[in-house]
Amino acid sequence: MEFEKRKKATLATMSSPEPDKSPKGDIDAPIIPLLKTLNTHPSYFTTSSCSGRISILSTPTATTTVKKKAKGGNWVFITHEFADPNSVQNLIFPLNPNFDSTQPSNQENLVFRFEPLIIAVECKDVFSAQKLVSLAISCGFRESGITNVNNKRVIVAIRCSIRLEVPLGDTHMIMVSKEYLNYLVGIANEKMEANRKRTDSFHDALLKIGFLQPEIDSGIGDYEFLNMNQDLGYQDSSLINGGEDGVLELSLPIKPLVITGEPVEKLHLWGHSACTLETTKNPKSVLLFGGFGGMGRHARRNDSWLLDSVSGQLELVDFANSPPPRLGHTASLVGDLMFVIGGRADPGNVLNDVWVLSITNNEWKQFQCDGIDFPLSHRHAAAFVGSDLYVFGGIHNGIISSVMYRLDTHNMKWEEVIVHGQKPSARHSHTLVAYGSELFMFGGFDGVKALGDLYSFDVHSCIWKKEKMTGTTPYARFSHTMFVYKNYIGVMGGCPIKQHYQEISIFEVGSGLWKRIKLNSIGEDLFVRSTTSVVGDDLVIVGGGASCYAFGTKFSEPMRINLLPLLSLAEIRDVTNDETDSRIQKRSNGGFDMNLEGIYGRQKIIPLRWVLRVDKKHAKPAKDVLKKFGWLDTERKVYTQENGVYVCFPITKEFMVLYQNKKSGLNEEVDEVNDLNFQEILKISSSTKALYLLVASGAMVHADHVVKIRKASSSPLKVMKEAVASLLNPTGTRDSGLEILVGDDGWVDHRENGVLYSFDATKCMFSWGNLSEKRRMGELDCKDEVIVDLFAGIGYFTLPANAKMVYACEWNPHAIEALRRNLEANSVADRCVVLEGDNRVMAPKGVADRVNLGLLPSSEGSWEIAVRALRSNGGMMHVHGNVKDKEEESWTKQVSKSIKEISRSEGYDWDVSIEHVERVKWYAPHIRHLVVDIRCKQIES
């Protein structure tokens, strides 16, 4: 709240007619649009600025006695526009000189100067500051950086180095000619032009990533971010008028969902997933997983939340063996199994894993799938049809994809689908839903623009079809949500926000007609990367806020919309009579006639798993038959129903195929079976005959609603490895194993190479053998450099560094405590920013001249992070590693080769070379601790 108060007070001052504290007294006109854009963002506000200026400054000489207040000098000439050479000449070489050398006036130096744009921005947190600095540097403001993180205030300076400063002489004697002065004015004007281009580039970059552009004629203080009490100033007139039809057909109230049981901040997420549960145990509930946000420090999550859509009760579900944290994944539910695919664990770690959650057993399981390798993917879309999970698009290995993959969840096998018809373009952040045996896909982002097309995909023919868009069609968008209700498909939210912040677009299956529905009382919610879940007749909306950092940490509250009024849009047709329903029936019929009444009206849902239910007295011989012909699914458990009267055997897909093919003739064949003898069945070699006899025994096929997955057995070796691993440090931090025998605490002071290291010896390790490397780092000339230390610890290589600024990353809280203490003790806290957390998340991008990777036995997991931390023109990397003495040369070459490959994948054309190899110490017999200095340099074009 203190940040918001300071912002409000500062912006009120900016809009005041009273002069500000600058010598000029007001804001420079050329950068008013840029300042307005920065101040629309909830995580930033500007505290001071200069658009760039050409000036002549008069300053006291060393021998002049002046008052202390006047020490800075006076402006003889100043302009924030291009300078006129004649005006400057007339000032310095006037017909009637202002400066008379015969008078005993004070002698003052005259300096001609050009100074580029500089803006001081207060940021809500360090993360927001890093993002802004990185963007500014990418636009040419390479001297930008975090200048202050003290007193709970984070200040960023946006600036560059295209300066000019030339002495002209003094007030008694001008030492340059008129021609030379004209030459200086020309250079200054060229620099002003370059400064303007960089400023415009920075402004454009802010707008492209989602910053809002206020109306230019509004007051400088009108910066309330998305002021929902008004019409925002960005509302599209066609939305108000209902688009082509002139009026909106319907409006729906949207109401807050009051959360109990847990703080509502637990649901402040985006990029998460949500599935509707309709089980007896959890009726009308929504299961949420993963995402970014949460209480406290916002981060990627792997929590599973159960939300009762009626009462608002929120419960953290403690499932065993949860997947690692992620966002941008998909979660798809069939029965009581939820399949989670891919996602991004951090900016440098995209996933392709498959996790399955059994709601019944409260247990996660990771599957190693057969078939082709599913790519590393996030921001894809997925939907189930039958037992097949279809995945389309997304960002695969850094490339936007247009490939359709299918996961056969019966045998957990991936394959690429060979598709036909009107194939959609590559995209990510789109949506995909299943309607019977068809998939519908809308929108997304193709790398250049948002998309507004709707496609259908028939899973039987594998044909894509671009649907005709009629009616009041939805706007192009991405990072939106999509849902199915009755025979309607709805689209809501997404980017760009100003186009559809208060409407739902509804597509009626069969008629192909789009309608736009107005939402009332939307409040301050931004439904970007949120989730929508249909629970009965309600649409439950959770989370959302932004698909990128442009909206900071603005999260939406849980909401609920009742969808029943949608049915008033048209008469509800009878499924068996209406001509349109022939298409609906076709979409709903997946090729099997064993269908279940779904939550979407009369749509038929194909079960994912099946069981063969037999009378208890026939259970043993029936099981023997199923095992003999390979029809028993051994990955699922057998269970009983109706107090043990019936036994349910999980059956394979092969059994179901045979059953479906022979079903029409089963009754006739069964009638011929007079004397059922299971011992005779075991002697039969014909699978068809065995099937007939099973049915004759009263066995029936049913959908498996229980799906009890067997736990995979573990070998003794695996059990032993897991037991040993549990005894080792699981946190990834470098901790001490010392215990205090005498004394109150474990804090010790150690001085080496002139640097004081304080640490708690019971909680932090201290590396005595790195003395020479710490000395080497301290002797490097880094006074004008920015350093990123990815593994700072207590400050081993951070404290000795003679640098302009050091970003110190560390996730061990005990080491961080010592690091902060050491920064103060060594009087270097003013030039070090401590970034607490995983460096894969916290490390800055595009700011470093030098990166330290001081992690043993290997820092390879952070090489990609190090490349991203360097400036676009390269820099130096100090890569640590434990290496066998006979493999030193091959290791250094491998490091260089890997860095080269990573830099190319990041879009850099660098010359990567080995500059030096430092042998720090023997780590173990025949194993050295090495540091290889890798120079990355931009190749001259």
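Nothing here was measured: the structure is a model prediction, and the numbers come from that model.

Asker: Help me understand the overall build of the chain, please; the structure alone is not making it clear to me.
Answerer: Counting its regular elements, the chain contains 17 helices and 57 strands. Classification of the 941 residues of the chain by burial places 52% in the buried group. Counting only contacts in the chain whose residues sit at least 6 apart along the sequence, the fraction spanning at least 24 positions is 65%. Approximately 43700 Å² of the chain is accessible, and the part contributed by carbon and sulfur atoms is 49%.

Asker: It is not clear to me how helix H1 (residues 2–14) should be interpreted in this structure. Could you clarify?
Answerer: Over its 13 residues, H1 extends 18 Å from the first C-alpha to the last, a length consistent with the 18 Å expected when each residue adds 1.5 Å. Looking at H1, one finds that the buried residues are Phe3, Lys7, Leu11 and Met14. Down the axis of H1, the sector holding all buried residues measures 60°, keeping them to one side. Away from its buried face by more than 90 degrees, H1 exposes Glu2, Lys5, Lys8 and Thr13. Along its buried surface, H1 packs onto helix H2 (32–40), strand S1 (44–50) and strand S5 (118–123).

Asker: Teacher, can you tell me more about H2 here?
Answerer: The periodicity of an α-helix, 3.6 residues per turn, causes residues three or four positions apart to be oriented the same way. Judged by how many residues are buried, H2 sits mostly within the fold: seven of nine residues are covered. Of the residues making up H2, those classed as buried are Leu34, Leu35, Lys36, Thr37, Leu38, Asn39 and Thr40. Buried residues along H2 sit in contact with H1, S1, S5, helix H4 (126–138) and helix H5 (178–208).

Asker: Please clarify how the packing of aromatic side chains should be interpreted in this entry.
Answerer: Two measures describe an aromatic ring pair: the distance that separates the ring centres and the angle between the ring planes. What the rule picks out here adds up to 23 aromatic pairs. Summarising the aromatic geometry, the rings of Tyr180 and Tyr183 are spaced 5.9 Å apart at their centres and angled 40° between planes, so their arrangement reads as tilted. Taken as a pair, Tyr180 and Tyr183 lie in helix H5 at a separation of three residues, close to a single helical turn. You can call Tyr180 partly exposed: its relative accessible area is 36%.

Asker: Explanation requested: the sheet that holds strand S33 (residues 450–458) in the structure shown.
Answerer: Here we have five strands laid out as an open sheet, ordered S30-S34-S33-S32-S31, and mixed in their pairing. Edge positions in the sheet fall to strand S30 (420–421) and strand S31 (431–435), since each of these pairs with one other strand and no more. Here seven bridges tie strand S32 (residues 438–445) to S33, and the two strands are oriented antiparallel to one another. Each bridged residue has a counterpart across the sheet, and for Met441 the counterpart in S33 is Tyr455.

Asker: Quick question: what am I supposed to make of the sheet that holds strand S29 (residues 413–416) here?
Answerer: Paired through backbone hydrogen bonds, the strands of a sheet run either parallel or antiparallel to each other. Ordered by their spatial adjacency, five strands build an open sheet running S22-S29-S28-S25-S24, and the pairing between neighbours is mixed. Both outer strands of the open sheet, strand S22 (370–371) and strand S24 (381–385), are each paired with one neighbouring strand and no more. As paired elements, S22 and S29 share two bridges and run parallel to each other. Directly across from Gly371, in S29, lies its bridge partner Trp414.

Asker: Would you mind going over the environment of Glu438 with me for this structure?
Answerer: In this structure, Glu438 sits in strand S32. With relative accessibility at 11%, the residue Glu438 sits in the buried group. Note: C-alpha distance between Glu438 and Phe384 (54 residues apart in sequence) is 9.8 Å.

Asker: Just checking my understanding: could you explain the pattern of salt bridges for this structure?
Answerer: Side-chain pairs of opposite charge can arise where the charged atoms are in close proximity. Taken as a whole and judged by the stated rule, the model has 32 salt bridges. Here the residues in one salt-bridge network are Arg53, Arg113, Glu115 and Glu165, joined through shared partners.

Asker: Which parts of the structure should I look at to understand the pairing of S24?
Answerer: Where a strand is regular, its side chains alternate between the two sheet faces. By the criterion of burial, S24 is predominantly enclosed, with five of the five residues buried. Burial along S24 is two-sided: Ala381, Ala383 and Val385 facing one way and Ala382 and Phe384 facing the other are all buried. Here S24 runs beside strand S25 (residues 388–392); their pairing, made up of five bridges, is antiparallel. Within S25, the position partnered with Phe384 by the bridge is Leu389. The hairpin formed by S24 and S25 contains two residues between the paired strands, and Gly386 there has a positive phi angle of roughly 65°.

Asker: Where do I start with unusual backbone geometry in this structure?
Answerer: It is generally the case that most residues other than glycine have a negative phi and that most peptide bonds are trans. For the bond running from Leu856 to Pro857, omega is 10°, close enough to zero to count as cis. Within the secondary structure, Pro857 sits in the loop between strand S54 (850–853) and helix H16 (863–869). Positive phi, normally seen in glycine, also occurs at Ser429, with a value near 60°. Structurally, the position occupied by Ser429 is in the loop between S30 and S31. Unlike most non-glycine residues, Ser827 shows phi in positive territory, near 55°. Within the secondary structure, Ser827 is located in the loop between helix H14 (813–825) and strand S53 (832–836). According to the relative accessible area criterion, Ser827 is exposed, its value standing at 63%.

Cut-offs and rules
Residues numbered from 1 in each chain as written. Predicted model: local features only at pLDDT ≥ 70, side-chain atom pairs only at ≥ 80, totals over all residues. Heavy atoms only, no water. Helix = DSSP H or I, 4+ residues; strand = E, 2+ residues; numbered from the N terminus. Buried < 20%, exposed > 50% of the residue type's maximum accessible area, 1.4 Å probe, protein only. Contact = heavy atoms within 4.5 Å. Areas by Shrake-Rupley, 256 points an atom, 1.4 Å probe, with all protein chains shown as cover. Expected span 1.5 Å × (residues − 1). Arc of directions from axis to C-beta. Phe/Tyr/Trp six-rings, centres within 6.5 Å; stacked < 30°, edge-to-face > 60°. Pairing = 2+ DSSP bridges. Salt bridge = Lys/Arg side-chain N within 4 Å of Asp/Glu carboxyl O.

Spatial relationships are all this shows, so hold off on functional conclusions.
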